[in-house]
Amino acid sequence: MWKYEKTTQYPINIKRKDLRLAKYLVTQYGGSNGELAAAFRYLNQRYTMPDEKGRALLTDIGTEELAHVEMISTMIYQLMKGASIEELKKAGLDAHYAEHGYGLYPTDANGVPFTVAYFATTGDFMADLSEDMAAEQKARAVYENLIDLTDDPDVIDVLLYLRQREIVHFTRFSELYHEYRKKYKIKNA
Amino acid sequence: MNNNYYNIPNDWYNDMMNDPFMNNFVNTNPNYENNYMNKNTNNINYEEGLDRGNLFNNLYNEYKNYKYRKLRANNPKEELLYTILKHKFLLNDLNLYLDIYPNDRGYIMEYNKYLNNLKKAMNEYESKYGPLTVDSEYVTKNNVWNWNNNLWPWEGIK
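Residues numbered from 1 in each chain as written. Chains lettered and ligands numbered in written order. Predicted model: local features only at pLDDT ≥ 70, side-chain atom pairs only at ≥ 80, totals over all residues. Heavy atoms only, no water.

Student: Looking at this structure, how should I read the overall build of chain B?
Tutor: Each helix and strand in chain B was counted, giving 5 helices and 0 strands. Going through the 158 residues of chain B one by one, you find that 42% of them count as buried. In the form shown here, chain B has an accessible surface area of approximately 9,100 Å², with 48% of it arising from carbon and sulfur atoms. (Helix = DSSP H or I, 4+ residues; strand = E, 2+ residues; numbered from the N terminus. Buried < 20%, exposed > 50% of the residue type's maximum accessible area, 1.4 Å probe, protein only. Areas by Shrake-Rupley, 256 points an atom, 1.4 Å probe, with all protein chains shown as cover.)

And the structure:
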């Protein structure tokens, strides 16, 4: 069961329209290392975690990722708000407009639509946790690339914040991974 | 003691910590066996956890020379909202920590303290500015449907 709270996890107030950035940033919504993939990867993997710690951690991080989906969506919405057709064309968002108008749609930065293949679940908890650790690192790297691509402080603050969350999540997954390695005497990981 | 309209206890945390029975219970309860006090609660950045997106000093890692910005509220409503976000953040980061280290009594006490602060701030915010959750006490205040009476988060903070 989930409960909606009428706030973003971190305040977002982007004042400057930036369609090019919206076009890149969308990858953290619908890309392979994005927040939507992360949320459902963990929420989908949690059923086959071997103990309460794993079930709790994947539920809680998965839930936080849902809040990050809202943050990224909010950023894209605010970056595109009030754009004219001419501006959309110039930024290469005319194809997006043809399909979705001003609506949001999860794709990567190249326009490749979101796919559930990103959930990457094997049912093997060590393999799945390795995947999760890698996913957090990849998301951190993408946030760094995005920070490099903008000079808007209203955007950078949020990206820095989300980057830190990847670091914390990586640490917790890693701690669980190493605990399981000992607890279940895993030799192959 | 309960001086607010909806009877939400104002300071259950301090009441609990000053209660000799509770103190004795915590120290002698067998469920607390093998537990330890984390001596390292100064690893927590209570004030700026939300601003930098990381509660734990030992996990904080700067990207290039970018500094996180301290959130500054423009009005009393925003200030109260930031107090709520700050405590929700602290609770969330402690939540993930305690999932892995559930016996860390030092951090459990921090968790209780922040939860107490959050409940007080939520009560004040919702009574003044409207509900943040649909099952809030304030959602039907004065027999009015208040759920859609304030902005949705993606519309920005006013």
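After that view of the structure, there is still more to cover.
Student: Help me understand the nonpolar core in this model?
Tutor: In globular proteins that are soluble, nonpolar side chains generally tend to be buried together. With 57 residues, the main nonpolar core has L25(A), I72(A), M75(A), I76(A), L159(A) and F56(B) as its most contacted residues. Ranked by residue count, the leading element in this core is helix α4 (residues 76-100) of chain B, at 11 residues. (Core = buried A, V, L, I, M, F, W, Y, C linked by side-chain atoms within 4.5 Å.)

Student: Looking at this structure, how should I read the pattern of salt bridges?
Tutor: Close approach of charged atoms allows side chains with opposite charge to pair. Per the stated rule, a full pass over the model turns up 23 salt bridges over all chains. Residue R69(B) pairs with D154(A) through a salt bridge whose shortest N-O separation is 3.2 Å. A residue pair is termed interchain when its members come from two chains, as with R69(B) in the loop between α3 (49-52) and α4 and D154(A) in helix α8 (residues 153-183). For R69(B), a relative accessible area of 41% translates into the label partly exposed. Accessibility expressed as a relative area gives 14% for D154(A), which makes it buried. Across the pair E124(B) and K128(B) runs a salt bridge, and its minimum N-O distance is 2.8 Å. With a gap of 4 residues between them, E124(B) and K128(B) both fall in helix α5 (residues 105-129), about one helical turn apart. Exposure remark for E124(B): the relative accessible area of 36% places this residue in the partly exposed category. If you follow the salt bridges from partner to partner, you end up with K15(A), D154(A), D157(A) and R69(B) in one network. (Salt bridge = Lys/Arg side-chain N within 4 Å of Asp/Glu carboxyl O.)

Student: Just checking my understanding: could you explain unusual backbone geometry for this structure?
Tutor: Negative phi is the rule for most residues except glycine; trans is the rule for most peptide bonds. Its identity is not glycine, yet A120(A) carries a phi of approximately 40°, on the positive side. Mapped onto the elements, A120(A) comes out in the loop between α6 (94-100) and α7 (125-148). Judged by its relative accessible area of 26%, A120(A) is partly exposed. The residue N142(B) is not glycine, and still its phi comes out positive at about 60°. By secondary structure assignment, the location of N142(B) is in the segment after α5. Residue N142(B) is classed as exposed on the basis of its relative accessible area, which comes to 66%.

Student: I'm lost on the layout of surface pockets in this one. Help?
Tutor: Taking a probe equal in size to a water molecule and rolling it over the atoms shows the remaining empty space. Empty space within the largest pocket amounts to approximately 1,300 Å³. Looking at the largest pocket, it is lined by 35 residues, and the ones nearest its centre are K3(A), Y4(A), E5(A), K88(B) and T133(B). For the lining of the largest pocket, the secondary structure elements donating two or more residues are α4 (52-80) of chain A together with α4 and α5 of chain B. When grouped by side-chain class, the residues that make up the lining of the largest pocket number 14 nonpolar, 10 polar and 11 charged. In this structure, the second largest pocket occupies an estimated 440 Å³ of space. Along its surface, the second largest pocket is lined by 16 residues, and K15(A), D154(A), R69(B), R72(B) and Y82(B) are the ones closest to its centre. Elements with a contribution of two residues or more to the lining of the second largest pocket: α8 of chain A together with α4 of chain B. The element that contributes the greatest number of residues to the lining of the second largest pocket is α8(A), accounting for 3 residues. Residues that form the lining of the second largest pocket fall into these classes: 7 nonpolar, 2 polar and 7 charged. (1 Å grid on protein atoms, 1.4 Å probe; cavity = no way out; pocket = protein on both sides within 12 Å on 5 of 7 lines; lining within 4 Å. Points joined across faces, edges and corners; volume = space filled by probe spheres on them. Nonpolar A, V, L, I, M, F, W, Y, C, P; charged D, E, K, R; others polar.)

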